[in-house]
Amino acid sequence: MKNIIVTGGAGFIGSHVVRLFVTKYPEYHIINVDKLTYAGNLANLRDVENLPNYTFVKADICDYDCMCQLLRKHEVDGIIHLAAESHVDRSIKDPFTFARTNVMGTLTLLQAAKEYWQAQGWEGKRFYHISTDEVYGALEMTHPEGVDPPFTTKASSAVHHEAYGLKFFTEDLKYQPHSPYSASKASSDHFVRAFHDTYGMPTIVTNCSNNYGPYQFPEKLIPLFINNIKLRKPLPVYGKGENVRDWLYVEDHARAIDLIFHRGNVADTYNIGGFNEWKNIDIIKVLVRTVDRLLGRKEDEDLDLITYVTDRAGHDLRYAIDSSKLQRELGWEPSLQFEEGIEKTVQWYLDNQAWMDNVTSGDYQKYYDDMYLNR
Ligand code: NAD
Ligand code: TYD
(Lines give C-alpha, C1' and ligand atoms only; values in the text may rest on other atoms or scores of the structure.)
(Ligands and ions follow the chains in the order given, each with its own letter.)
Protein backbone atom coordinates (compact mmCIF):
# COMPACT_ATOMS: atom_id res chain seq x y z
CA MET A 1 0.00 0.00 0.00
CA LYS A 2 1.52 3.28 -1.06
CA ASN A 3 -1.00 6.10 -1.11
CA ILE A 4 -2.97 6.58 2.08
CA ILE A 5 -5.53 9.21 2.98
CA VAL A 6 -5.64 10.08 6.67
CA THR A 7 -8.76 12.12 7.41
CA GLY A 8 -8.71 14.49 10.39
CA GLY A 9 -4.91 14.50 10.37
CA ALA A 10 -4.75 18.06 11.73
CA GLY A 11 -6.61 17.06 14.88
CA PHE A 12 -5.26 15.57 18.07
CA ILE A 13 -4.98 11.82 17.34
CA GLY A 14 -4.79 12.29 13.57
CA SER A 15 -1.65 14.42 13.87
CA HIS A 16 0.09 11.64 15.82
CA VAL A 17 -0.98 9.09 13.20
CA VAL A 18 0.28 11.28 10.34
CA ARG A 19 3.59 11.89 12.12
CA LEU A 20 4.10 8.18 12.77
CA PHE A 21 3.28 7.15 9.19
CA VAL A 22 5.28 9.82 7.34
CA THR A 23 8.39 9.19 9.42
CA LYS A 24 8.16 5.40 9.70
CA TYR A 25 7.16 4.74 6.08
CA PRO A 26 9.05 7.09 3.73
CA GLU A 27 7.85 4.91 0.84
CA TYR A 28 4.20 5.79 1.58
CA HIS A 29 2.52 8.96 0.41
CA ILE A 30 0.31 10.26 3.22
CA ILE A 31 -2.47 12.63 2.19
CA ASN A 32 -3.93 14.46 5.15
CA VAL A 33 -7.52 15.45 4.34
CA ASP A 34 -8.90 17.86 6.90
CA LYS A 35 -11.54 20.59 6.83
CA LEU A 36 -9.72 22.55 9.55
CA THR A 37 -12.69 23.06 11.82
CA TYR A 38 -12.00 24.70 15.18
CA ALA A 39 -10.34 21.38 16.17
CA GLY A 40 -7.92 21.23 13.24
CA ASN A 41 -4.54 22.82 13.81
CA LEU A 42 -1.80 22.52 11.21
CA ALA A 43 0.76 23.64 13.77
CA ASN A 44 0.35 20.13 15.22
CA LEU A 45 2.33 18.91 12.20
CA ARG A 46 4.90 21.68 11.87
CA ASP A 47 7.79 19.22 12.34
CA VAL A 48 6.77 17.01 9.40
CA GLU A 49 4.93 19.38 7.05
CA ASN A 50 7.83 19.69 4.62
CA LEU A 51 8.52 15.98 4.23
CA PRO A 52 8.29 14.88 0.57
CA ASN A 53 5.86 12.04 1.32
CA TYR A 54 3.30 14.32 3.02
CA THR A 55 0.51 16.30 1.35
CA PHE A 56 -2.13 18.40 3.05
CA VAL A 57 -5.52 18.94 1.43
CA LYS A 58 -8.09 21.22 3.01
CA ALA A 59 -11.38 19.49 2.28
CA ASP A 60 -14.66 18.43 3.84
CA ILE A 61 -15.32 14.67 3.97
CA CYS A 62 -18.98 15.48 3.25
CA ASP A 63 -18.01 16.74 -0.23
CA TYR A 64 -18.58 13.65 -2.39
CA ASP A 65 -17.13 15.00 -5.65
CA CYS A 66 -14.04 16.22 -3.89
CA MET A 67 -13.50 12.85 -2.14
CA CYS A 68 -13.89 11.00 -5.49
CA GLN A 69 -11.44 13.38 -7.13
CA LEU A 70 -8.85 12.97 -4.35
CA LEU A 71 -9.05 9.18 -4.47
CA ARG A 72 -8.47 9.18 -8.22
CA LYS A 73 -5.83 11.89 -8.28
CA HIS A 74 -3.66 10.21 -5.63
CA GLU A 75 -4.51 6.63 -6.60
CA VAL A 76 -5.39 5.93 -3.02
CA ASP A 77 -5.27 2.36 -1.70
CA GLY A 78 -5.88 2.95 1.97
CA ILE A 79 -7.97 5.28 4.13
CA ILE A 80 -7.48 5.82 7.85
CA HIS A 81 -10.56 7.75 8.85
CA LEU A 82 -10.32 9.92 11.96
CA ALA A 83 -12.12 13.11 10.89
CA ALA A 84 -15.03 13.72 13.23
CA GLU A 85 -16.65 16.08 15.62
CA SER A 86 -15.31 14.68 18.87
CA HIS A 87 -16.44 16.64 21.93
CA VAL A 88 -19.43 15.35 23.90
CA ASP A 89 -20.33 18.77 25.36
CA ARG A 90 -20.52 20.29 21.87
CA SER A 91 -22.68 17.39 20.71
CA ILE A 92 -25.19 18.17 23.46
CA LYS A 93 -25.47 21.76 22.20
CA ASP A 94 -25.34 21.05 18.46
CA PRO A 95 -26.16 17.44 17.51
CA PHE A 96 -26.77 18.24 13.83
CA THR A 97 -23.12 19.02 13.16
CA PHE A 98 -22.24 15.64 14.65
CA ALA A 99 -24.73 13.81 12.44
CA ARG A 100 -23.48 15.70 9.40
CA THR A 101 -19.77 15.04 9.82
CA ASN A 102 -19.70 11.75 11.70
CA VAL A 103 -22.56 9.99 9.93
CA MET A 104 -22.93 11.65 6.52
CA GLY A 105 -19.21 12.38 6.24
CA THR A 106 -18.29 8.76 6.90
CA LEU A 107 -20.96 7.55 4.47
CA THR A 108 -19.74 9.98 1.82
CA LEU A 109 -16.19 8.73 2.16
CA LEU A 110 -17.32 5.10 2.06
CA GLN A 111 -19.37 5.68 -1.06
CA ALA A 112 -16.52 7.53 -2.79
CA ALA A 113 -14.08 4.71 -1.87
CA LYS A 114 -16.56 2.11 -3.13
CA GLU A 115 -16.95 3.90 -6.45
CA TYR A 116 -13.20 4.12 -6.94
CA TRP A 117 -12.12 0.74 -5.54
CA GLN A 118 -14.90 -1.58 -6.68
CA ALA A 119 -13.99 -1.15 -10.36
CA GLN A 120 -10.36 -2.12 -9.64
CA GLY A 121 -11.14 -5.01 -7.29
CA TRP A 122 -10.80 -4.88 -3.50
CA GLU A 123 -7.37 -6.54 -3.39
CA GLY A 124 -4.87 -4.44 -1.41
CA LYS A 125 -7.47 -1.87 -0.37
CA ARG A 126 -8.36 -0.94 3.20
CA PHE A 127 -10.87 1.37 4.87
CA TYR A 128 -9.90 1.72 8.53
CA HIS A 129 -12.44 3.56 10.68
CA ILE A 130 -11.34 4.98 14.04
CA SER A 131 -14.10 4.93 16.62
CA THR A 132 -14.66 5.27 20.32
CA ASP A 133 -15.54 3.06 23.29
CA GLU A 134 -18.41 5.47 24.01
CA VAL A 135 -20.59 3.60 21.50
CA TYR A 136 -20.96 0.81 24.08
CA GLY A 137 -22.70 3.15 26.53
CA ALA A 138 -21.89 3.31 30.23
CA LEU A 139 -20.75 0.63 32.66
CA GLU A 140 -21.88 0.32 36.24
CA MET A 141 -19.54 0.43 39.20
CA THR A 142 -20.15 -2.81 41.02
CA HIS A 143 -17.10 -2.79 43.23
CA PRO A 144 -17.55 -2.09 46.93
CA GLU A 145 -16.20 0.99 48.64
CA GLY A 146 -12.52 0.70 49.42
CA VAL A 147 -11.67 -0.97 46.12
CA ASP A 148 -12.18 2.16 44.07
CA PRO A 149 -10.20 2.91 40.93
CA PRO A 150 -7.49 3.62 39.90
CA PHE A 151 -7.02 0.19 38.36
CA THR A 152 -3.94 0.80 36.31
CA THR A 153 -2.73 -2.55 35.03
CA LYS A 154 -4.22 -5.48 33.26
CA ALA A 155 -3.55 -7.61 36.34
CA SER A 156 -5.28 -5.22 38.75
CA SER A 157 -8.21 -4.81 36.37
CA ALA A 158 -8.57 -8.57 36.06
CA VAL A 159 -8.52 -9.05 39.84
CA HIS A 160 -11.32 -6.52 40.31
CA HIS A 161 -13.17 -7.86 37.34
CA GLU A 162 -13.18 -11.35 38.85
CA ALA A 163 -13.81 -10.37 42.44
CA TYR A 164 -16.56 -7.79 42.01
CA GLY A 165 -18.17 -8.71 38.72
CA LEU A 166 -16.83 -5.54 37.12
CA LYS A 167 -17.71 -5.39 33.47
CA PHE A 168 -15.52 -4.23 30.60
CA PHE A 169 -16.36 -3.24 27.06
CA THR A 170 -15.61 -6.26 24.89
CA GLU A 171 -15.88 -6.35 21.12
CA ASP A 172 -19.10 -8.41 21.13
CA LEU A 173 -21.03 -6.00 23.36
CA LYS A 174 -24.23 -4.46 22.05
CA TYR A 175 -24.04 -0.76 21.16
CA GLN A 176 -25.91 1.49 23.61
CA PRO A 177 -24.77 5.05 22.90
CA HIS A 178 -26.14 7.81 25.11
CA SER A 179 -24.77 11.12 23.88
CA PRO A 180 -25.35 12.63 20.44
CA TYR A 181 -21.58 12.21 19.92
CA SER A 182 -21.57 8.49 20.69
CA ALA A 183 -24.82 7.97 18.77
CA SER A 184 -23.25 9.55 15.69
CA LYS A 185 -20.09 7.45 16.04
CA ALA A 186 -22.17 4.29 16.54
CA SER A 187 -24.08 5.08 13.37
CA SER A 188 -20.86 5.59 11.42
CA ASP A 189 -19.48 2.26 12.72
CA HIS A 190 -22.64 0.54 11.45
CA PHE A 191 -22.25 2.09 8.01
CA VAL A 192 -18.64 0.93 7.80
CA ARG A 193 -19.60 -2.65 8.68
CA ALA A 194 -22.53 -2.48 6.26
CA PHE A 195 -20.14 -1.58 3.44
CA HIS A 196 -18.16 -4.72 4.17
CA ASP A 197 -21.20 -6.94 4.48
CA THR A 198 -23.01 -5.52 1.45
CA TYR A 199 -20.25 -4.71 -1.03
CA GLY A 200 -17.27 -6.65 0.33
CA MET A 201 -15.23 -3.53 1.11
CA PRO A 202 -12.17 -4.47 3.22
CA THR A 203 -12.99 -2.50 6.37
CA ILE A 204 -11.72 -2.50 9.94
CA VAL A 205 -13.22 -0.69 12.95
CA THR A 206 -11.44 0.01 16.22
CA ASN A 207 -12.98 1.43 19.38
CA CYS A 208 -10.58 3.22 21.68
CA SER A 209 -10.80 4.66 25.17
CA ASN A 210 -10.00 8.27 26.18
CA ASN A 211 -6.71 9.49 24.78
CA TYR A 212 -4.37 12.03 26.35
CA GLY A 213 -1.06 13.57 25.33
CA PRO A 214 0.42 16.49 23.35
CA TYR A 215 -1.64 18.54 20.86
CA GLN A 216 -5.07 17.86 22.37
CA PHE A 217 -7.51 20.73 21.99
CA PRO A 218 -7.96 22.41 25.38
CA GLU A 219 -11.68 21.77 25.61
CA LYS A 220 -10.99 18.21 26.79
CA LEU A 221 -10.37 17.47 30.45
CA ILE A 222 -6.61 16.99 30.58
CA PRO A 223 -5.24 19.91 28.49
CA LEU A 224 -7.97 22.25 29.76
CA PHE A 225 -7.14 21.51 33.37
CA ILE A 226 -3.35 21.66 32.91
CA ASN A 227 -3.73 25.12 31.39
CA ASN A 228 -6.17 26.27 34.05
CA ILE A 229 -3.93 25.07 36.88
CA LYS A 230 -1.01 26.90 35.33
CA LEU A 231 -3.08 30.10 35.01
CA ARG A 232 -4.76 29.51 38.39
CA LYS A 233 -8.23 29.45 36.86
CA PRO A 234 -11.11 27.38 38.30
CA LEU A 235 -11.24 23.66 37.45
CA PRO A 236 -14.88 22.87 36.58
CA VAL A 237 -15.53 19.31 37.79
CA TYR A 238 -18.82 17.93 36.46
CA GLY A 239 -21.07 16.44 39.15
CA LYS A 240 -19.11 14.80 41.96
CA GLY A 241 -16.11 13.97 39.82
CA GLU A 242 -16.78 10.26 40.31
CA ASN A 243 -17.13 9.28 36.66
CA VAL A 244 -14.51 6.81 35.55
CA ARG A 245 -12.55 6.93 32.29
CA ASP A 246 -9.90 4.57 30.93
CA TRP A 247 -6.96 6.67 29.72
CA LEU A 248 -4.47 5.81 26.97
CA TYR A 249 -1.41 7.78 25.87
CA VAL A 250 -2.06 9.01 22.33
CA GLU A 251 1.17 7.59 20.85
CA ASP A 252 0.14 4.15 22.06
CA HIS A 253 -3.12 4.58 20.16
CA ALA A 254 -1.19 5.63 17.04
CA ARG A 255 1.03 2.53 17.37
CA ALA A 256 -2.06 0.35 17.63
CA ILE A 257 -3.51 2.00 14.50
CA ASP A 258 -0.28 1.28 12.61
CA LEU A 259 -0.32 -2.35 13.70
CA ILE A 260 -3.99 -2.92 12.95
CA PHE A 261 -3.88 -1.11 9.61
CA HIS A 262 -1.13 -3.47 8.46
CA ARG A 263 -1.95 -6.71 10.27
CA GLY A 264 -5.54 -6.55 11.47
CA ASN A 265 -8.13 -8.92 10.03
CA VAL A 266 -10.47 -7.47 7.45
CA ALA A 267 -14.04 -7.01 8.74
CA ASP A 268 -12.82 -7.35 12.29
CA THR A 269 -13.17 -5.05 15.30
CA TYR A 270 -10.55 -4.39 17.95
CA ASN A 271 -10.95 -2.56 21.24
CA ILE A 272 -8.00 -0.40 22.26
CA GLY A 273 -7.53 0.71 25.86
CA GLY A 274 -5.04 1.23 28.60
CA PHE A 275 -6.37 -0.97 31.44
CA ASN A 276 -6.09 2.34 33.23
CA GLU A 277 -9.30 3.40 34.96
CA TRP A 278 -9.40 6.59 36.97
CA LYS A 279 -12.13 8.63 38.62
CA ASN A 280 -12.07 12.17 37.24
CA ILE A 281 -11.44 13.71 40.64
CA ASP A 282 -8.36 11.53 41.21
CA ILE A 283 -6.94 12.43 37.81
CA ILE A 284 -7.54 16.08 38.57
CA LYS A 285 -5.61 15.78 41.84
CA VAL A 286 -2.73 14.10 39.99
CA LEU A 287 -2.77 16.97 37.48
CA VAL A 288 -2.71 19.62 40.23
CA ARG A 289 0.19 17.87 41.97
CA THR A 290 2.17 17.39 38.79
CA VAL A 291 1.71 20.95 37.48
CA ASP A 292 2.50 22.47 40.89
CA ARG A 293 5.61 20.31 41.29
CA LEU A 294 6.92 21.02 37.79
CA LEU A 295 6.34 24.75 38.27
CA GLY A 296 8.10 24.69 41.63
CA ARG A 297 4.96 25.60 43.54
CA LYS A 298 4.07 24.27 47.00
CA GLU A 299 2.57 20.76 47.03
CA ASP A 300 -1.21 20.79 46.54
CA GLU A 301 -1.18 24.60 46.55
CA ASP A 302 -3.79 24.74 43.81
CA LEU A 303 -6.24 22.09 45.00
CA ASP A 304 -8.65 24.87 45.94
CA LEU A 305 -9.12 25.63 42.24
CA ILE A 306 -11.35 22.53 42.12
CA THR A 307 -14.90 23.77 41.58
CA TYR A 308 -17.84 21.37 41.41
CA VAL A 309 -20.28 22.42 38.70
CA THR A 310 -23.56 21.12 37.28
CA ASP A 311 -23.15 17.65 35.85
CA ARG A 312 -23.04 17.02 32.09
CA ALA A 313 -26.46 15.91 30.79
CA GLY A 314 -26.55 12.11 30.41
CA HIS A 315 -23.00 11.85 31.79
CA ASP A 316 -21.78 8.25 31.28
CA LEU A 317 -20.64 6.83 34.60
CA ARG A 318 -17.83 4.48 33.66
CA TYR A 319 -15.88 3.44 30.57
CA ALA A 320 -13.44 0.53 30.71
CA ILE A 321 -12.00 -1.26 27.70
CA ASP A 322 -10.92 -4.86 27.52
CA SER A 323 -8.14 -4.77 24.94
CA SER A 324 -6.99 -8.37 25.46
CA LYS A 325 -8.05 -9.41 21.95
CA LEU A 326 -5.62 -6.91 20.45
CA GLN A 327 -2.91 -8.02 22.84
CA ARG A 328 -3.56 -11.71 22.17
CA GLU A 329 -3.90 -11.54 18.39
CA LEU A 330 -1.47 -8.79 17.41
CA GLY A 331 0.77 -8.45 20.48
CA TRP A 332 -0.05 -4.78 21.19
CA GLU A 333 0.02 -3.37 24.68
CA PRO A 334 0.32 0.14 26.11
CA SER A 335 3.97 1.14 26.43
CA LEU A 336 3.57 3.78 29.10
CA GLN A 337 2.36 3.60 32.67
CA PHE A 338 -0.09 6.41 33.40
CA GLU A 339 2.23 8.24 35.83
CA GLU A 340 4.90 8.38 33.15
CA GLY A 341 2.44 9.46 30.45
CA ILE A 342 0.93 12.20 32.60
CA GLU A 343 4.35 13.54 33.57
CA LYS A 344 5.35 13.70 29.88
CA THR A 345 2.04 15.31 28.95
CA VAL A 346 2.11 18.00 31.64
CA GLN A 347 5.75 18.77 30.81
CA TRP A 348 4.85 19.06 27.10
CA TYR A 349 2.06 21.57 27.74
CA LEU A 350 4.29 23.60 30.07
CA ASP A 351 7.11 23.58 27.50
CA ASN A 352 4.78 24.48 24.64
CA GLN A 353 2.97 27.49 26.01
CA ALA A 354 3.24 29.14 22.58
CA TRP A 355 1.16 26.30 21.08
CA MET A 356 -1.46 26.72 23.80
CA ASP A 357 -1.50 30.54 23.45
CA ASN A 358 -1.96 30.19 19.69
CA VAL A 359 -4.96 27.94 20.25
CA THR A 360 -6.60 29.98 22.99
CA SER A 361 -6.12 33.25 21.07
CA GLY A 362 -7.51 31.72 17.85
CA ASP A 363 -4.30 32.58 15.94
CA TYR A 364 -3.82 28.93 15.02
CA GLN A 365 -6.61 29.31 12.48
CA LYS A 366 -4.42 31.66 10.40
CA TYR A 367 -1.73 28.99 10.01
CA TYR A 368 -3.27 27.50 6.86
CA ASP A 369 -3.40 30.88 5.11
CA ASP A 370 0.21 31.63 6.07
CA MET A 371 1.47 28.21 5.11
CA TYR A 372 -0.51 27.44 1.95
CA LEU A 373 -2.13 30.58 0.56
CA ASN A 374 0.06 33.59 1.30
CA ARG A 375 3.44 32.16 0.32
P1 NAD B 1 -10.22 16.16 17.12
O2 NAD B 1 -11.51 16.84 17.39
O3 NAD B 1 -8.99 16.60 17.83
O4 NAD B 1 -9.88 16.24 15.55
C5 NAD B 1 -10.83 16.03 14.56
C6 NAD B 1 -10.24 16.49 13.22
O7 NAD B 1 -11.22 16.24 12.20
C8 NAD B 1 -9.93 17.98 13.18
O9 NAD B 1 -8.66 18.19 12.59
C10 NAD B 1 -11.03 18.56 12.29
O11 NAD B 1 -10.63 19.71 11.57
C12 NAD B 1 -11.31 17.39 11.37
N13 NAD B 1 -12.68 17.44 10.81
C14 NAD B 1 -13.84 17.65 11.48
N15 NAD B 1 -14.87 17.66 10.62
C16 NAD B 1 -14.36 17.41 9.39
C17 NAD B 1 -14.93 17.29 8.09
N18 NAD B 1 -16.24 17.43 7.90
N19 NAD B 1 -14.12 17.03 7.05
C20 NAD B 1 -12.78 16.90 7.23
N21 NAD B 1 -12.18 17.03 8.44
C22 NAD B 1 -12.96 17.29 9.50
O23 NAD B 1 -10.50 14.63 17.35
P24 NAD B 1 -9.58 13.50 18.00
O25 NAD B 1 -9.70 13.55 19.46
O26 NAD B 1 -8.23 13.55 17.38
O27 NAD B 1 -10.34 12.20 17.51
C28 NAD B 1 -10.05 11.62 16.24
C29 NAD B 1 -10.93 10.42 16.01
O30 NAD B 1 -10.73 9.47 17.05
C31 NAD B 1 -12.43 10.75 16.05
O32 NAD B 1 -13.06 9.99 15.06
C33 NAD B 1 -12.87 10.33 17.44
O34 NAD B 1 -14.23 9.94 17.44
C35 NAD B 1 -11.96 9.16 17.69
N36 NAD B 1 -11.63 8.90 19.12
C37 NAD B 1 -11.16 9.92 19.92
C38 NAD B 1 -10.82 9.64 21.24
C39 NAD B 1 -10.25 10.71 22.16
O40 NAD B 1 -10.06 10.46 23.35
N41 NAD B 1 -9.95 11.90 21.67
C42 NAD B 1 -10.96 8.35 21.75
C43 NAD B 1 -11.43 7.34 20.90
C44 NAD B 1 -11.75 7.63 19.58
P1 TYD C 1 -13.69 14.72 28.09
O2 TYD C 1 -12.22 15.03 28.07
O3 TYD C 1 -14.63 15.73 27.54
O4 TYD C 1 -13.86 13.30 27.38
P5 TYD C 1 -15.18 12.33 27.30
O6 TYD C 1 -16.37 13.13 27.62
O7 TYD C 1 -15.14 11.92 25.86
O8 TYD C 1 -14.91 11.21 28.25
O9 TYD C 1 -14.12 14.45 29.60
C10 TYD C 1 -13.50 13.45 30.38
C11 TYD C 1 -14.25 13.38 31.69
O12 TYD C 1 -14.05 14.60 32.41
C13 TYD C 1 -15.74 13.22 31.52
O14 TYD C 1 -16.24 12.36 32.54
C15 TYD C 1 -16.28 14.64 31.72
C16 TYD C 1 -15.31 15.23 32.70
N17 TYD C 1 -15.07 16.69 32.55
C18 TYD C 1 -15.21 17.54 33.65
O19 TYD C 1 -15.52 17.08 34.79
N20 TYD C 1 -15.01 18.89 33.49
C21 TYD C 1 -14.66 19.41 32.28
O22 TYD C 1 -14.49 20.66 32.17
C23 TYD C 1 -14.51 18.53 31.16
C24 TYD C 1 -14.14 19.07 29.80
C25 TYD C 1 -14.72 17.18 31.33
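Refer to the preceding data block for the structure.
Residues numbered from 1 in each chain as written. Chains lettered and ligands numbered in written order. Predicted model: local features only at pLDDT ≥ 70, side-chain atom pairs only at ≥ 80, totals over all residues. Heavy atoms only, no water.

Trainee: What is the right way to read the overall build of the protein chain from this model?
Mentor: Counting its secondary structure elements, the protein chain contains 13 helices and 12 strands. Against the globule reference of 21 Å for 375 residues, the protein chain gives a C-alpha radius of gyration of 20 Å, in line with a compact fold. Projected onto its principal axes, the C-alpha positions of the protein chain cover 60 × 50 × 35 Å. By residue count, 57% of the 375 residues in the protein chain fall in the buried class. Nonlocal contacts in the protein chain, meaning residues at least 24 apart in sequence, comprise 84% of its contacts between residues at least 6 apart. With 40 positive and 52 negative side-chain charges, the protein chain shows a separation of 2 Å between the mean positions of the two kinds. (Helix = DSSP H or I, 4+ residues; strand = E, 2+ residues; numbered from the N terminus. Rg over C-alpha atoms; globule rule 2.2 N^0.38 Å. Buried < 20%, exposed > 50% of the residue type's maximum accessible area, 1.4 Å probe, protein only. Contact = heavy atoms within 4.5 Å. Lys, Arg positive; Asp, Glu negative; His and termini not counted. Charge placed at Lys NZ, Arg CZ, Asp CG, Glu CD.)

Trainee: Looking at this structure, how should I read the sheet that holds strand β6 (residues 203-208)?
Mentor: Strands belonging to one sheet form pairs held by backbone hydrogen bonds; the direction of such a pair is parallel or antiparallel. Read across the open sheet, the 7 strands follow the order β3-β2-β1-β4-β5-β6-β10; overall the sheet is parallel. The two strands at the open ends of the sheet, each matched to only one other strand, are β3 (54-58) and β10 (269-272). The average undirected angle you get between the axes of adjacent strands in this sheet is 20 degrees. Bridge analysis of strand β5 (residues 126-132) against β6 gives 6 bridges, and the strand direction is parallel. Bridged to Ser131 within β6 is Asn207. (Pairing = 2+ DSSP bridges. Axes fitted to C-alpha atoms, helices over the stretch in contact; angles between N-to-C directions.)

Trainee: Looking at this structure, I do not really get the packing of helix α4 (residues 95-118) against helix α6 (residues 180-199). What am I missing?
Mentor: Each packed pair of helices is defined by two parameters, the angle between the axes and the distance between the axes. Two elements in contact, α4 and α6, have axes separated by 8 Å at closest approach and are oriented at 15 degrees. Overall, the two elements α4 and α6 adopt an arrangement that is roughly parallel. With respect to the hand of their crossing, α4 and α6 are arranged in right-handed fashion. Where α4 approaches α6, its residues Pro95, Phe98, Ala99, Asn102, Val103, Thr106, Leu107, Leu110, Gln111, Lys114 and Gln118 are matched on the opposing element by Pro180, Tyr181, Ser184, Lys185, Ser187, Ser188, Phe191, Val192, Phe195 and Tyr199. For the contact of α4 with α6, the residue count by class is 12 nonpolar, 7 polar and 2 charged. (Parallel < 35°, antiparallel > 145°, perpendicular 65-115°, else oblique. Left-handed = near helix turned anticlockwise from the far one by under 90°. Nonpolar A, V, L, I, M, F, W, Y, C, P; charged D, E, K, R; others polar.)

Trainee: How do you make sense of the site of ligand 1 when you look at a structure like this?
Mentor: With respect to spatial proximity, 28 residues lie near ligand 1, and among them Ile13, Asp34, Ser86, Tyr181 and Lys185 are the closest. The backbone of Gly40 places a nitrogen or oxygen atom 3.5 Å from an oxygen atom of ligand 1. Leu82 is positioned such that a nitrogen or oxygen atom in its backbone is 2.9 Å from an oxygen atom of ligand 1. For ligand 1, the accessible surface in isolation is 830 Å², of which the surrounding protein chains cover 97%. Secondary-structure elements contributing two or more residues to the shell around ligand 1 are α1 (12-24), β5, α6 and β7 (210-212). (Near = heavy atom within 4 Å. Polar contact = N/O pair within 3.5 Å; in protein donor to acceptor, adjacent residues only side chain to side chain. Areas by Shrake-Rupley, 256 points an atom, 1.4 Å probe, with all protein chains shown as cover.)

Trainee: How should the packing of helix α9 (residues 280-294) against helix α11 (residues 338-351) be read in this particular structure?
Mentor: Look at α9 against α11: their axes get within 10 Å of each other, and the N-to-C directions meet at 55 degrees. The angle between the axes of α9 and α11 places the two elements in the oblique class. Handedness of the α9/α11 crossing: right-handed. Of the residues in α11, those in contact with Ile283, Val286, Leu287, Thr290, Val291, Arg293 and Leu294 of α9 are Phe338, Ile342, Glu343, Val346, Gln347 and Leu350. Among the residues forming the contact of α9 with α11, the class breakdown is 9 nonpolar, 2 polar and 2 charged.

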